[in-house]
Amino acid sequence: MALAVSAYVMMGVLARALLDRIDESLYQRAREMVSLADAGRLPGELTSPDGTLIQVLDAAGRITHATTGTDRLVPLLDARERAASLAQGRARFLGGEPYGIPHLLRVRVLSADRGQTVIAARVFSEVETSISTAGRVLLVGTPLLLVLLAAVSWVIVGRTLRPITALRRGAEEITGTARSRRLPVPESRDEVYSLATTLNAMLDRLERADARQRSLVSDAAHELRSPLASIRLQLEVALGHPGGADDWRETAEGVLEDTTRLTRLAEDLLALARLDERGGALARREPVRLDELVPQTVERYGAAVTVRIVGAPGRPGDPGAPGEAGRAGAPAFPVAPAGVRGGGEDGAAVVVAGDALDLGRVVVNLVDNALRHTVSPVVVELRTEGADAVLTVADDGPGIPEADRERVFDRFTRLDSARSRDEGGAGLGLAIVRETVDAHGGAVHLEDAAPGLRAVVRLPLS
């Protein structure tokens, strides 16, 4: 359709250009004759090298001068037609058959002095020939051009879509048993290359997520087998060797202990599932005062945990003064004077944006992990450094080798017997801490406390 419209427009423009050229030529020849007629210098025999037909009429309408081959008796236009042509001021078409000219003519009329009139005419067949020739060329050339464009487009589009076809075939070959395969990447650095690399990166993420999910299911099943097997064994022994109330009480205590382990494991798995479901986003984001949340969270541990909030307001010698909380016999957390709340440096509140429940779980997991391996009370410290709130949990246990301090944040990771399931941990606590802190835009790492281990959590202040 575009080629057809273009051809039609080109034919119209060509016809108009040729017609304007003939009209301009007729006007120039007629003006020359008018100038000669006004000066009285018309030759007896008019000549026209370009083939223009000229008739000069006097005031009575008689032909006084004419070019060779032009009728000298009958004007090309009668008086009424000459008057109309002069009024219009432009050329017109005229059939030449009545005048012995077997062609269509283009005629222009101009007036001269003393009532004279100049009629200039030119055969229009040359324009018709040019237009018909161009039409035949377009009639044949346009379909050929269309076929050529179709062929070129087919080749170009085919070469462009060939990498897409390869991507589709590669995607068909990726199945549940061949997840490690990747889509072919074309050599050309174009949009298809970007698409292939993006899809391969997506497949990498999906494969890692799938492997992580399979590992979680496998590890969770393994963790569940131990307490369930213990419960079953204890019940079978109790039923097979019924004794007194003390035996059943001992069995109930063992079953309760295993049930507690199962409960903690289920809670940790649920927490991880929620973190995975949110994709690293927070369930809610609201101001959280860590200087209030941390003491309230660890209060249940009593003297087993010591809390230090650096910069908390208080007087020297008061139990809540900085440095006093860590001494023997000091309360579990600083006690500020009436009407005054603890805070960060200069007594300011330590506020972060996040989920109070998730942050409380971070504190509980770190403290529980430290209590499993410490001898002295665990020291929990909260302070501010620049634009960050820094929470540290330190114990004096055996510590962790520096090479393994990142690995312990993986799910279901235990390093040795000191940190085994017999101590009550399933290897999920630090994994929950890492993912929760990352969701809050912070960072967590482990460092040497000499002796023991210190967990350091940094969260951006609100």
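Preceding block: the structure.
In this text the structure is predicted, and so the values were computed from the model without any measurement.

Novice: So what's going on with helix 3 (residues 125-173)? Residues and values would help.
Specialist: Between its first and last C-alpha, helix 3 extends 69 Å over 49 residues, near the 72 Å set by a 1.5 Å rise per residue. Approximately 35° is the largest bend angle found in helix 3, and it occurs at L161, with the proline P163 only one to four residues beyond. All of the buried residues along helix 3 are V127, A134, L138, T142, P163, L167 and G170. Along its buried surface, helix 3 packs onto helix 1 (2-39) and helix 4 (191-240).

Novice: Hey, could you go over the environment of T392 for me, with residue numbers and the actual values?
Specialist: Its location among the elements puts T392 in strand 10 (residues 388-395). Among the residues examined, T392 registers a relative accessible area of 6% and is labelled buried. Along the primary structure T392 and L382 are separated by ten residues, whereas in three dimensions their C-alpha atoms are 6.6 Å apart. Once residues within four sequence positions are removed from consideration, T392 is found in contact with V379, V380, E381, R383, R454, A455 and V456.

Novice: An account of the sheet that holds strand 7 (residues 305-309) is needed here, citing residue identities and associated values.
Specialist: Strand order across the open sheet formed by five strands is 7-9-10-12-11, with mixed pairing between neighbours. Where the open sheet ends on each side, the last strands, each with one partner, are strand 7 and strand 11 (443-448). Recorded for the sheet is a direction-independent mean angle of 20° between the axes of neighbouring strands. Of the strands in this sheet, strand 7, strand 9 (378-385), strand 10 and strand 12 (453-460) are in contact with helix 6 (residues 290-298), which crosses strand 7 at around 170°. Sheet strands in contact with helix 7 (residues 356-371) are strand 7, strand 9, strand 10 and strand 12, and its direction is about 25° off that of strand 10.

Novice: Residue-level account of the nonpolar core, with values.
Specialist: In terms of nonpolar packing, the biggest core is built from 36 residues, with L290, V305, L366, V367 and V380 touching the most fellow members. Of all the elements in the fold, those that place two or more residues in this core are helix 6, strand 7, helix 7, strand 9, strand 10, helix 8 (429-439), strand 11 and strand 12. Here V380 is in contact with V294, V305, T306, V307, R308, V367, L391, T392 and V393, once residues within four sequence places are set aside. Membership of the second largest hydrophobic core comes to 18 residues, among which are L26, M33, A112 and F124.

Novice: Account for empty space enclosed by the protein, with residues named and values stated.
Specialist: Applying the stated rule across the entire model yields two cavities of 30 Å³ or more. Considering only enclosed or pocket space, the largest cavity measures out at about 60 Å³ in volume. Along the walls of the largest cavity sit L366, N369, A370, V393, D395, L430, L446, L453, R454 and A455, which together make up its complete lining. At the level of secondary structure, the elements contributing two or more residues to the lining of the largest cavity comprise helix 7, strand 10 and strand 12. A class-by-class count of the residues in the lining of the largest cavity yields seven nonpolar, one polar and two charged. Taken as a whole, the second largest cavity holds about 60 Å³ of empty space. Taken together, L290, L293, L359, V362, V363, L391, V437, V457 and L459 make up the lining of the second largest cavity. Contributing elements (two or more residues each) for the lining of the second largest cavity: helix 6, helix 7 and strand 12. At three residues, the largest contribution of residues to the lining of the second largest cavity is made by helix 7.

Novice: So, the layout of surface pockets: which residues are in play, and what are the values?
Specialist: By volume, the second largest pocket is sized at about 360 Å³. Taken together, 18 residues line the second largest pocket, and the ones lying closest to its centre are R212, F409, R411, A431 and E435. For the lining of the second largest pocket, the secondary structure elements donating two or more residues are helix 4, helix 5 (245-278) and helix 8. It is helix 8 that contributes the most residues to the lining of the second largest pocket, five residues altogether. A breakdown of the residues in the lining of the second largest pocket according to their chemical character gives six nonpolar, three polar and nine charged. Shared between two domains, the lining of the second largest pocket takes at least three residues from each, and those domains are domain 2 (182-279) and domain 3 (283-312 + 348-461).

Novice: Give me the lowdown on the sheet that holds strand 1 (residues 53-57), citing residues and values where you can.
Specialist: Spatially, the five strands line up as an open sheet ordered 2-1-5-4-3, and their pairing is antiparallel. This sheet does not close on itself; its edge strands, each paired only once, are strand 2 (63-66) and strand 3 (92-95). If you compare each strand with its neighbour and ignore which way they point, the axes differ by 30° on average. Looking at chain direction, strand 1 and strand 2 are connected through three bridges and run antiparallel. Among the inter-strand pairings, L57 is bridged to a residue of strand 2, identified as I63. Sheet contacts for helix 1: strand 1, strand 3, strand 4 (104-111) and strand 5 (117-123); angle to strand 4, the most-contacted strand, approximately 40°. Against the sheet, helix 2 (residues 79-88) touches strand 1, strand 3, strand 4 and strand 5, its axis set at about 75° to strand 4.

Novice: Tell me about the packing of aromatic side chains, residues and numbers included.
Specialist: Applying the stated criterion to the full structure yields one aromatic pair. For the pair F93 and F124, a centre-to-centre distance of 5.0 Å together with 85° between the ring planes defines the contact as edge-to-face. Residue F93 is located in strand 3, and its partner F124 is located in the loop between strand 5 and helix 3; the two are separated by 31 residues in the primary sequence. A cation over an aromatic ring shows up here: R106 above the ring of F93, its NZ or CZ 4.4 Å from the ring centre. For R434, the ring lying beneath its charged end belongs to F409, and the centroid distance is 4.1 Å.

Novice: Break down the pattern of salt bridges for me, with residues and values.
Specialist: Using the criterion set out here, one finds 21 salt bridges in the structure. Here R168 and E172 are joined by a salt bridge, their closest N and O atoms 3.0 Å apart. In this pair, R168 and E172 are both assigned in helix 3, four residues apart and thus about one turn of the helix distant. The class of R168 is partly exposed, set by a relative accessible area of 43%. With a closest N to O distance of 3.2 Å, E406 and R434 form a salt bridge. Of this pair, E406 sits in the loop between strand 10 and helix 8 while R434 sits in helix 8, placing them 28 residues apart in sequence. One continuous salt-bridge network, built from bridges that share partners, spans E381, R383, E385, D388 and R458.

Rules of the game
- Residues numbered from 1 in each chain as written.
- Predicted model: local features only at pLDDT ≥ 70, side-chain atom pairs only at ≥ 80, totals over all residues.
- Heavy atoms only, no water.
- Helix = DSSP H or I, 4+ residues; strand = E, 2+ residues; numbered from the N terminus.
- Expected span 1.5 Å × (residues − 1).
- Bend = angle between axes of the 7 residues up to and from the residue.
- Buried < 20%, exposed > 50% of the residue type's maximum accessible area, 1.4 Å probe, protein only.
- Contact = heavy atoms within 4.5 Å.
- Pairing = 2+ DSSP bridges.
- Axes fitted to C-alpha atoms, helices over the stretch in contact; angles between N-to-C directions.
- Core = buried A, V, L, I, M, F, W, Y, C linked by side-chain atoms within 4.5 Å.
- 1 Å grid on protein atoms, 1.4 Å probe; cavity = no way out; pocket = protein on both sides within 12 Å on 5 of 7 lines; lining within 4 Å.
- Points joined across faces, edges and corners; volume = space filled by probe spheres on them.
- Nonpolar A, V, L, I, M, F, W, Y, C, P; charged D, E, K, R; others polar.
- Domains from an automatic or database assignment.
- Phe/Tyr/Trp six-rings, centres within 6.5 Å; stacked < 30°, edge-to-face > 60°.
- Lys NZ or Arg CZ within 6 Å of the ring centre and 35° of its normal.
- Salt bridge = Lys/Arg side-chain N within 4 Å of Asp/Glu carboxyl O.

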